[in-house]
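Examination of the molecular architecture
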Amino acid sequence: MKRQNVRTLSLIICTFTYLLVGAAVFDALESKKEKTQKKKVYDRKQELMNTYNLSQFNFDELERVVLQLKPHKAGVQWKFAGSFYFAITVITTIGYGHAAPSTDGGKVFCMLYALLGIPLTLVMFQSLGERINTLVRYLLHRLKKCLGMRRTEVSMVNMVAIGFISCMSTLCIGALSFSFFEGWSFFHAYYYCFITLTTIGFGDYVALQKDHALQTNPKYVAFCFIYILTGLTVIGAFLNLVVLRFMTMNSEDEKRDAEQRALLSRNGQAGGHNQMRCTPDLPSSSSAASGCGGGSGNSGVGGAGRGLRNVYAEVLHFQSMCSCLWYKSREKLQYSIPMIIPRDLSTSDTYMEQGEAFSSDPLHPLHSNGCICSMHHPHSAISSVSTGLHSLTPYRLRHSKRRSSI
Amino acid sequence: MKKQNVRTLSLILCMFSYLLVGAAVFDALESETESSRRRILELKRTEMKKKYRLSEDDYRQIEQVVLQAEPHHAGRQWKFAGSFYFAITVITTIGYGHAAPGTDAGKVFCMFYAVLGIPLTLVMFQSLGERMNTFVRYLLWRAKQCLGLRRTEVSMENMVSVGFLSCIGTLCVGAAAFSHYEGWTFFHAYYYCFITLTTIGFGDFVALQKKEDLQEKTPYVAFSFMYILVGLTVIGAFLNLVVLRFLTMNTEDERRDAQERASIKRERGLLTMGKHSHPLTFTRCCGVTA
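Residues numbered from 1 in each chain as written. Chains lettered and ligands numbered in written order. Predicted model: local features only at pLDDT ≥ 70, side-chain atom pairs only at ≥ 80, totals over all residues. Heavy atoms only, no water.

1. Focus on the UniProt feature "transmembrane region" (unreviewed entry) in chain B
Residue and element names in this part refer to chain B. Heads up, the condition is: UniProt positions are given in the numbering used here, feature names are shortened, and annotations may be inferred rather than shown by experiment. Counting from the N terminus, the helices are DSSP H or I runs at least four residues long and the strands are E runs at least two residues long.
Summarizing the sequence annotation, UniProt attributes the feature "transmembrane region" (unreviewed entry) to residues 6–29, 80–99, 105–125, 159–177, 189–208 and 220–247 in the numbering used throughout. Helix makes up 100% of residues 6–29 and strand 0%, with an end-to-end C-alpha separation of 34 Å. Summarising residues 80–99: 60% helix, 0% strand, and an end-to-end C-alpha distance of 13 Å.

Listed below in structure tokens is the structure:
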């Protein structure tokens, strides 16, 4: 089965299993307390009904009023400050529900507002997050240089560690502030920050709901808004670093499959000279390295004379070989299931380092996935056999060394 | 300025303006209703306090009990079905809040559960969404072939229209179903489906909260769970088609910039080398002087 389908099916099964396990654990943790609390509340209700001489009907009437007044308890929710707060909860999809549009016009506008606002916000946070990651990478690189370290490349591990630490500190700063301003315990404030910044937004804890803060404490209001937006940026940067590549995996595999199909049809048109040792169903083989022999020395004959089209074909050929060998090397490095991990973990920084590494060998073509093939490569119009063979070995060593930092 | 920086700054400005405009419109739409409703309710409260001869303190006590009793009205929330429902609202980030962990241990587990579950769910929906898009593209291509159209390629417009129609269709199917089972109006049920499938999840409307539906109406419970997950997949597929490319724009530009820098360096090296040797005669000229 195609790699993308296997990946998708495994993810579906994983998610369902995760849901089942979560449900069981939540049941075990919360069920008992719910039962005892329900009984306690019911008993208290009876007690109050007796004390104040209320029938069930009377109590229901009171109950209705209390519940209807509940959203108003926290102050005016729809003046400008409150509406801004609400608008934030809509487009970031936090959605506390502490205030929800009661008019039908408000509901309609809310839906239209979300339709445009949510994609805008997603793109904005990812854009800003990527800029932050690039800046951090640059700063770390300079720091490593200043400290006089030998290897100044910023590895993925460095970036992930910094990202994780920033997320934790953001949560802790928020927890400290909100526990102070809202009178919650540190743990509850931390829980509030976590639920907010992951955009779950239960609404069991909501800031700016005490003492009419929305109307009377503009500085605190501004702090809350800025905290939520900056916090989401930090989390977004971390997601951009770690998760985004996984979301495009299927699309990239499809793209590569399409390129290979195109390459095959072009090779077929060219008279079948360029026979790939890698079998045509390479992308569909579940074990990525199976189809490649690693040597295809006699393919690509006559490339020098056929112009750019054949050169392009050779490069694509290279790429397919490369990814085949890349997976081979990954299997050797004993990574887990190669199809689940992304094909290309390198980011622009590794290109920068690779680019610098290759600067002394201008003849060696740099492939789009940044890998080098450690084999006798076929003839090509650009590089000659001798230079290729001369320069490949040291770069292969350096290349495999670099992989370990990722 | 670099393209990525311009793009990022414009997006930030856009978002802030969008928030300001939204706040102004919501204020205009909701403020008056809020204040008039509040006035009416406060009058009613004073009336009832007089009727039942309750002091402010008494009223506060009753209020406290009522608010504590509220989540229990919807039945048991933490038995397996309810917990499963809760787990869905956590990892999809919908987060209605109709049930929220009361114990501290539950809160801790909830946080760990979300840390792993949310990325897993994001990747899963995008993966499945991409598969669906590919499948739809294939079906559309075959349909075009069968209909004997001359140009059988599936364009982006085709895909976007099909995606948009599926989203609207999903929302309408949900609206019809929930308005029937929950007794909401079609509009409110549609609003519920929209707020759920965009993962906003206010919690003003929540399915499976009537009496003991979670425990008794198992087929309806299963339908609700399936609807939420399938609906999120459809929305996810549409986002994968339209929005995902924008999420990777800055990263791709950085990659391209890096490759350009690398190729410029290479060319410079090539130029300096070219004076001394020709690539194809490299082995011959190692010892040749300029």
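That shown, we press on.
2. A short note on the UniProt feature "domain: Potassium channel" (unreviewed entry) in chain B
Residue and element names in this part refer to chain B. The feature "domain: Potassium channel" (unreviewed entry), as given by UniProt, occupies residues 76–132 and 167–243 in the numbering adopted here. In residues 76–132, helix accounts for 72% and strand for 0%; the two terminal C-alpha atoms are 36 Å from one another. For residues 167–243, the end-to-end C-alpha separation is 15 Å, with 74% helix and 0% strand making up the annotated structure.

3. Re the packing of helix α2 (residues 56–73) of chain A against helix α1 (residues 3–51) of chain B
Just so we agree on the cut-off: Lines fitted to C-alpha atoms define the axes, with helix axes restricted to the stretch in contact, and inter-axis angles between N-to-C directions lie between 0 and 180 degrees. Crossing handedness is read from the near helix: turned anticlockwise from the far helix by less than a right angle, it gives a left-handed crossing, and turned clockwise, a right-handed one. For this analysis, residues touch if any pair of their heavy atoms sits within 4.5 Å. Residues are grouped as follows: Ala, Val, Leu, Ile, Met, Phe, Trp, Tyr, Cys and Pro are nonpolar; Asp, Glu, Lys and Arg are charged; every other residue, Gly included, is polar.
Between α2 of chain A and α1 of chain B, whose axes approach to 10 Å, the crossing angle comes to 145°. Both α2 of chain A and α1 of chain B take part in a crossing whose hand is left-handed. Side by side, α2 of chain A and α1 of chain B meet where Glu-61, Leu-62, Val-65, Gln-68, Leu-69 and His-72 of chain A of the first sit next to Glu-34, Arg-37, Arg-38, Leu-41, Glu-42, Lys-44, Arg-45, Met-48 and Lys-51 of chain B of the second. Each residue belonging to the contact of α2 of chain A with α1 of chain B can be placed in one class, and the counts come to five nonpolar, two polar and eight charged.

4. So, the nonpolar core
Put simply, the test is: Only buried residues count toward a nonpolar core, which is a set of Ala, Val, Leu, Ile, Met, Phe, Trp, Tyr and Cys residues joined through side-chain atoms within 4.5 Å. Residue burial is assigned from relative accessible area. The probe radius is 1.4 Å, only protein chains are included, and a residue is buried under 20% of its type maximum, exposed over 50%, and partly exposed in between.
Among the nonpolar cores identified, the biggest contains 120 residues, and Tyr-85, Phe-178, Tyr-192 and Leu-208 of chain A together with Tyr-85 and Tyr-192 of chain B are the most heavily contacted of them. The dominant element in this core, judged by the number of residues it contributes, is helix α4 (residues 104–146) of chain A, at 10 residues. When neighbours within four sequence positions are excluded, Phe-178 of chain A is seen to be in contact with Gly-183, Trp-184, Ala-189, Tyr-192, Cys-193, Ala-207, Tyr-220, Phe-223, Cys-224 and Tyr-227 of chain A. Phe-59 and Leu-69 of chain A together with Leu-54 and Val-66 of chain B belong to the second-largest nonpolar core, a separate cluster that totals 19 residues.

5. Thoughts on the side chain of Asn-240 of chain A
Counting through the fold element by element, Asn-240 of chain A comes out in helix α8 (residues 218–242). Given a relative accessible area of 9%, Asn-240 of chain A falls into the buried group. If we skip the residues at most four places from it in the chain, Asn-240 of chain A touches Gln-126, Glu-130 and Asn-133 of chain A together with Leu-247 and Thr-251 of chain B.

6. Some remarks on a nonpolar patch on the surface
Residues and elements named next belong to chain B. What counts is decided by this rule: Each patch groups residues whose relative accessible area exceeds 30% and which form no salt bridge, using 9 Å between like charges and 5 Å between nonpolar side chains of Val, Leu, Ile, Met, Phe, Trp and Tyr. Shrake-Rupley sampling with a 1.4 Å probe provides the accessible areas, and residues are treated as covered by the protein chains on show and by no other component. Just to be clear on terms, a salt bridge is a Lys or Arg side-chain nitrogen sitting within 4 Å of an Asp or Glu carboxyl oxygen.
Judged by side-chain polarity, Phe-135, Tyr-138, Leu-139 and Trp-141 come together as a nonpolar surface patch covering roughly 410 Å² of accessible area. Along the chain, the position of Leu-139 falls in helix α4 (residues 104–146). A residue is classified by how much of its surface remains accessible, and Leu-139, at 43% relative accessible area, is partly exposed.

7. Regarding the pattern of salt bridges
In a structure, side chains of opposite charge can pair up when their charged atoms sit close to one another. Taken as a whole and assessed by the stated rule, the structure comprises 24 salt bridges over all chains. Ionic pairing is found between Glu-63 of chain B and Lys-73 of chain A, a salt bridge with its closest N-O pair at 3.9 Å. Here Lys-73 of chain A lies in helix α2 and Glu-63 of chain B lies in helix α2 (residues 56–69), a pairing that spans two chains. Here Arg-256 of chain B and Asp-253 of chain B are joined by a salt bridge, their closest N and O atoms 2.8 Å apart. Placement of the pair is Arg-256 of chain B and Asp-253 of chain B together in helix α10 (residues 249–274), with a separation of three residues, close to one helical turn. Looking at Arg-256 of chain B, the relative accessible area reads 42%, which means it is partly exposed.

8. Quick notes on the environment of Thr-233 of chain A
Residues and elements named next belong to chain A. With respect to the helices, strands and loops of the structure, Thr-233 is situated in helix α8. Taking C-alpha positions, Thr-233 is 9.7 Å from Glu-130, a pair spaced 103 residues apart along the chain. Dropping the residues within four chain positions of it, Thr-233 is found in contact with Phe-125, Leu-128, Gly-129 and Ile-132.

9. Structural notes on the interface of chain B and chain A
So the rule is basically this: For any pair of parts, buried area is found by adding up, for both, the accessible area (1.4 Å probe) each one loses once the two are put together.
Taken together, the contact pairs 135 residues of chain B with 139 residues of chain A. Buried area between chain B and chain A, summed over both chains or domains, comes out near 12,700 Å², and the portion from carbon and sulfur atoms is 73%. Looking only at chain B, the three residues that lose the most surface to chain A are Tyr-18, Phe-26 and Phe-202 of chain B, adding up to 6% of its buried area. On the surface where chain B and chain A come into contact, there are six salt bridges.

10. Side note on the UniProt feature "transmembrane region" (unreviewed entry) in chain A
Residue and element names in this part refer to chain A. Per the UniProt entry, the sites bearing "transmembrane region" (unreviewed entry) are residues 6–29, 80–99, 111–133, 154–177, 189–208 and 220–247 in this numbering. The span residues 6–29 is 100% helical and 0% strand by assignment, and the distance between its end C-alpha atoms comes to 34 Å. Taken end to end, residues 220–247 is 96% helix and 0% strand, and its first and last C-alpha atoms sit 37 Å apart.

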